[in-house]
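One-letter residues, chain by chain:
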Amino acid sequence: MSNIMVQADNLMKIYKTKDIEVVALQGLDLTVEEGELMAIIGNSGSGKSTFLNMLGGLDKPSAGKLYVDGQNLFSMTEKQLVDYKRKTVGFVWQNNARNLFPFLTAMENVMVPMQISSGRKCKERALELLDMVGLADKRKNKLSQLSGGEQQRVAIAIAVANSPKLLLADEPTGSVDSKTSDYILDLFRRLNREWGQTIILVTHDVMLSKKVQRVAAIRDGKISSERILKDSHAELLTGGVTSWEEETQDEFAIIDRAGRVQIPREILDTMDLDGNKIRLSVKDGKITLEK
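Report follows, based on the coordinates. (Residues numbered from 1 in each chain as written. Predicted model: local features only at pLDDT ≥ 70, side-chain atom pairs only at ≥ 80, totals over all residues. Heavy atoms only, no water.)

**Regarding the layout of surface pockets**
Selection criterion: Cavities and pockets are defined on a 1 Å grid built over the protein atoms alone: a cavity is a set of grid points where a 1.4 Å probe fits but cannot escape, while a pocket is an open set with protein on both sides within 12 Å along at least five of seven lines, and lining residues are those with an atom within 4 Å of any such point. Grid points are joined across faces, edges and corners, and a volume is the space filled by probe spheres set on the points. Helix and strand labels come from DSSP, where a helix needs a run of H or I of at least four residues and a strand needs a run of E of at least two; each type is numbered from the N terminus. Lys, Arg, Asp and Glu make up the charged group, whereas Ala, Val, Leu, Ile, Met, Phe, Trp, Tyr, Cys and Pro make up the nonpolar group; the residues left over, Gly among them, are polar.
Quantified by volume, the largest pocket comes out at close to 990 Å³. Lining the largest pocket are 36 residues, and of these R219, S224, Q262, I263 and P264 lie nearest its centre. Those elements giving two or more residues to the lining of the largest pocket turn out to be α7 (206-209), β9 (214-219), β10 (222-229), β11 (249-253), α8 (265-271) and β13 (286-290). Looking at the lining of the largest pocket residue by residue, the class counts come to 17 nonpolar, 12 polar and 7 charged.

As structure tokens, this is what we get:
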């Protein structure tokens, strides 16, 4: 477990109201190694943001196991959970209002989490982080004097201010243009490459998801498939390539602990099934599905 940052086993989340019960996660399994930069994709309502909120300590699982940096999120007291959110995880939201104080300057915003969590020299650290995101010259600017993309870069500096073990980003490029999106992704790659930062991105951005080493797709509350960057395209991650015309990743279906595999709808549709039964056979090491 020493090199594993996130371990989720058969993770479930059920939201209950007086009249309805919604199952957001249905036995999700995922392992993320220390130092990984990966993306999680899925349709709205698939469970990806629910999972991210659990990793951030903002929501509690209903069942299963969830460990982050060796810490069991099921058994934490409220005091331990507060400490976990301060020191272990950093969060970047799509909505800048959740990251930033509008009445503070960029530098003052970056200093806030450090003043809460530690007695380090906040100003020097804040200036170092603003320089890292390319905004040292705008350290005295209020938020109204910064563009949306610049505000998001300040938010990234805030998220890593206390050197978290795990950085979580929920749709970090969802409200910026493609040029700014590329810049933000480059920032995440620098953090990953130079600082060894473990990063999990949740995104709808197809182009962004193509530019990371590993992508996990959530469908119906569990991991349905993963895409891994082809070895022949690995150099593109650091080559400054902005146009990805061809498919750069290999896609793999995921077998869960019960031996279940989700078959993509587009494959099932080609079979023109009558009902929900299929035949399985194995020949020469290949599994065949037939009507």
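Moving on from the coordinates now.
**Quick word on the packing of aromatic side chains**
To keep things clear, this is the line we draw: In this analysis, rings of Phe, Tyr and Trp, with Trp reduced to its six-membered ring, are considered paired at centre separations within 6.5 Å, and the interplanar angle assigns stacked below 30 degrees, edge-to-face beyond 60, and tilted for intermediate values. With a 1.4 Å probe rolled over the protein chains alone, any residue whose accessible area is under 20% of its type maximum counts as buried; one over 50% counts as exposed, and the rest are partly exposed.
Tallied over the full model, the rule gives 2 aromatic pairs. Look at F91 and W93: their rings are 4.1 Å apart centre to centre, the planes differ by 5 degrees, and that puts the pair in the stacked class. As far as the burial class goes, F91 and W93 line up, both buried. Ring geometry for F101 and F103: centres 5.7 Å apart, planes at 45 degrees, overall tilted. Its relative accessible area of 38% is what places F101 among the partly exposed residues.

**Looking at the sheet that holds β9**
Note: strands within a sheet are paired through backbone hydrogen bonds, in either parallel or antiparallel orientation. To be explicit about the condition: Pairing between strands is defined by DSSP: at least two bridges between the two strands are required. To get an axis, a line is fitted to the C-alpha atoms, and for a helix only the part in contact is used. The angle between two axes follows their N-to-C directions and goes from 0 to 180 degrees. Contacts were defined at the residue level, with two residues in contact if any of their heavy atoms lie within 4.5 Å.
Taking strand neighbours across the sheet as the criterion, the 7 strands line up as β6-β7-β8-β3-β9-β10-β11 in an open arrangement whose pairing is mixed. Single-partner strands in this sheet number two, and they are β6 (89-92) and β11. The average angle at which neighbouring strand axes cross in this sheet is 20 degrees, direction not considered. Sheet topology places β9 next to β10; 6 bridges connect them, and they run antiparallel. Looking across to β10, one finds that R219 is bridged to K222. Packing of helix α6 (residues 178-195) onto the sheet brings it into contact with β3 (37-41), β7 (166-170) and β8 (198-202), and relative to β8 it is tilted by some 155 degrees.

**Focus: the pairing of β7**
Across a regular strand the side chains alternate sides, sitting on one face of the sheet and then on the other. Selection criterion: When the strands point away from the viewer and the connection leading from the first strand across the helix to the second strand turns clockwise, the crossover is called right-handed.
Counting buried positions over the 5 residues of β7 gives 5, a clear majority of the element. Of the two faces of β7, the one holding L166, L168 and D170 and the one holding L167 and A169 are both buried throughout. Relative to β8, β7 runs parallel, the two sharing 5 bridges. Considered in β8, the bridge of L168 is made with I200. Read as a crossover between parallel neighbours, the route from β7 over α6 to β8 is right-handed.

**Quick word on empty space enclosed by the protein**
If a probe as big as a water molecule is rolled over the atoms, it shows which places are left empty. Overall, the coordinates contain 1 cavity of 30 Å³ or more when judged by the stated rule. For the largest cavity, the calculated volume is near 60 Å³. If you go around the largest cavity, the residues you meet are M54, G57, D59, K60, P61, L73, M76 and L81. In terms of residue class, the lining of the largest cavity is made up of 5 nonpolar, 1 polar and 2 charged.

**Let's talk about the side chain of K222**
Tracing the sequence through the fold places K222 in strand β10. Judged by relative accessible area, which is 13%, K222 ranks as buried. Once residues lying within four places of it in the same chain are set aside, the contact partners of K222 are Q26, G27, L28, A217, D256, R260 and Q262.

By themselves, these figures tell us nothing about what the structure is for.
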